[in-house]
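Descriptive structure summary
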Amino acid sequence: MRYLFLLNPAAGRQDRTALLDRAARAALDRAGVPASDWEIRRTEYKGHARLLAAQAARSGEPVRIFAAGGDGTFNEVLTGASPYPNAAVGCIPAGSGNDFLRTFGVKEEFLDLDAQLAGGEVPIDLMDTSLGLSAAVCAAGLDAQVALGAADYRRNPLFHGEAAYLLSAVKQICGPLGRRMRFEADGQTLEDDVLLCAVCNTKDYGGGFRAAPNACPDDGWLELVAVRKVSRLKILSLLSRYKKGLHFAGEEVAPDLAPYLIFRRVQRLTITLADGRGPVIATADGECAPVDKLEISVRPGAGRIVLPRGPYERFTAARAAAAR
């Protein structure tokens, strides 16, 4: 087994690559991994992590590639490694959001490099989207605008992580709200005025908003959650519950919120704008871009990830229990 650590110096509020380099070397030494079987690289530009991951996976040897950065870095590494069944990707949270890991555990578990090296591999679904490959959430509308705006606060020492997303949300709510969107989901069509929509393979996005509390990243399905256009007064209470995942009661939308939410489990989805107002901001795993049309489909079992020991044991135990 080979190990590759890819450290992104641009992730988070400050460059932590020197600290991560020392921590990785120490963990590898404690695990007894020979120096010939591991490598640590710093990324130098956008897309570099994808290139390095693909190069490492292309050798055909079993390799675990650890992405130290945010969700964008993890996405790059997974995109580069996903065509190769001999490669699995781990997440070391060094960015501002790190929403992907919340489905499996907490940040502290993923910062434990000893647990990372002692962890295991599991297959997950991936999404093909108009913005590229996605492992977590693809969204459009207010939520994507918030993700884009959060970048303005991420390097501010007072406002980072979840605070950056919350400040951006307040700013966006004060601007124009709502777009007319048409959803074509697995052969069914729905059109409505919506504030935001998220297509979820995992549970969280946007710095900890739990859009899809029941999402399973390995069940072959995606969850579409959209919030209809409502008054600004209603937005505040609705988003509070949306952030905590309390807009669901069990497997379904909470009855009192049913008039305000659209929920579907889908495998293929097309979102088009129906108001003639030009493109909308969309995001996939934290990367944002304007789009006129968003196409999303699930690729069951197309990704392979490394989970630290604790999250790996919980995840596999839960899957075994579900299969009984």
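Refer to the structure presented above.
Described below are features of the structure shown in this document.

**A few points about the overall build of the protein chain**
The secondary structure content of the protein chain amounts to nine helices and 17 strands. Compactness check: the protein chain gives a C-alpha radius of gyration of 19 Å against a globular reference of 20 Å for 324 residues, within 12% of the reference. Burial analysis of the protein chain (324 residues in total) assigns 53% to the buried set. Restricting to contacts in the protein chain with at least 6 residues of sequence separation, those with at least 24 account for 73%. Carbon and sulfur atoms make up 51% of the accessible area of the protein chain, which amounts to about 14,000 Å² in all. The positive charge centre, built from 40 side chains, and the negative charge centre, built from 38, are 3 Å apart in the protein chain.

**Structural notes on the nonpolar core**
Counting 55 residues, the largest nonpolar core has Phe74, Tyr205, Tyr242 and Ile305 as the members making the most contacts within it. For Ile305, the contacting residues outside a window of four places in its chain are Phe74, Leu78, Ala88, Val89, Phe100, Phe104, Gly120, Glu121, Val122 and Ile124. One finds Val266, Ile271, Val291 and Val298 within the second-largest nonpolar core, a separate group that totals 24 residues.

**Examining the side chain of Asn8**
Tracing the backbone shows Asn8 in the loop between strand 1 (2-7) and helix 1 (17-30). From its side chain, Asn8 meets the backbone nitrogen of Ala10 in a polar contact 2.9 Å long. Here Thr73 takes part through its side chain, which lies 2.9 Å from a polar atom of the side chain of Asn8. The residues touching Asn8, leaving out its near neighbours within four places in the chain, are Thr17, Thr43, Ala68, Gly69 and Thr73.

**Considering the side chain of Thr272**
Residue placement: Thr272 occurs in strand 14 (residues 268-273). When its relative accessible area of 14% is taken as the criterion, Thr272 is described as buried. Ignoring anything within four residues of it in the chain, the contact list for Thr272 reads Arg180, Met181, Arg182, Asp292 and Lys293.

**Brief notes about the packing of aromatic side chains**
Inspection of the entire model under this criterion finds six aromatic pairs. A ring pair is formed by Phe100 and Phe104, whose centres lie 5.3 Å apart and whose planes are at 45 degrees; its orientation type is tilted. What makes Phe104 buried here is its relative accessible area of 6%. An angle of 45 degrees between the planes, with centres 6.4 Å apart, marks the rings of Phe209 and Tyr242 as tilted. With Phe209 in the loop between strand 9 (188-200) and strand 10 (222-228) and Tyr242 in helix 8 (residues 232-244), the pair connects residues that are 33 residues apart, well separated along the chain. By the burial criterion, Phe209 is buried, and Tyr242 matches it. Taken together, the aromatic side chains of Phe74, Phe100, Phe104 and Phe315 make up a single cluster linked through ring pairs. Just above the ring of Phe209 sits the side chain of Lys243; from NZ or CZ to the centre is 5.1 Å.

**With respect to the pattern of salt bridges**
In this structure the tally under the stated criterion is 22 salt bridges. With a closest N to O distance of 2.9 Å, Glu109 and Arg314 form a salt bridge. With Glu109 in helix 4 (residues 107-111) and Arg314 in helix 9 (residues 309-323), the pair connects residues that are 205 residues apart, well separated along the chain.

**As for unusual backbone geometry**
Positive phi values are uncommon outside glycine, yet Asp186 reaches one of about 50 degrees. According to the relative accessible area criterion, Asp186 is partly exposed, its value standing at 41%.

Thresholds, definitions, all that
Residues numbered from 1 in each chain as written. Predicted model: local features only at pLDDT ≥ 70, side-chain atom pairs only at ≥ 80, totals over all residues. Heavy atoms only, no water. Helix = DSSP H or I, 4+ residues; strand = E, 2+ residues; numbered from the N terminus. Rg over C-alpha atoms; globule rule 2.2 N^0.38 Å. Buried < 20%, exposed > 50% of the residue type's maximum accessible area, 1.4 Å probe, protein only. Contact = heavy atoms within 4.5 Å. Areas by Shrake-Rupley, 256 points an atom, 1.4 Å probe, with all protein chains shown as cover. Lys, Arg positive; Asp, Glu negative; His and termini not counted. Charge placed at Lys NZ, Arg CZ, Asp CG, Glu CD. Core = buried A, V, L, I, M, F, W, Y, C linked by side-chain atoms within 4.5 Å. Polar contact = N/O pair within 3.5 Å; in protein donor to acceptor, adjacent residues only side chain to side chain. Phe/Tyr/Trp six-rings, centres within 6.5 Å; stacked < 30°, edge-to-face > 60°. Lys NZ or Arg CZ within 6 Å of the ring centre and 35° of its normal. Salt bridge = Lys/Arg side-chain N within 4 Å of Asp/Glu carboxyl O.

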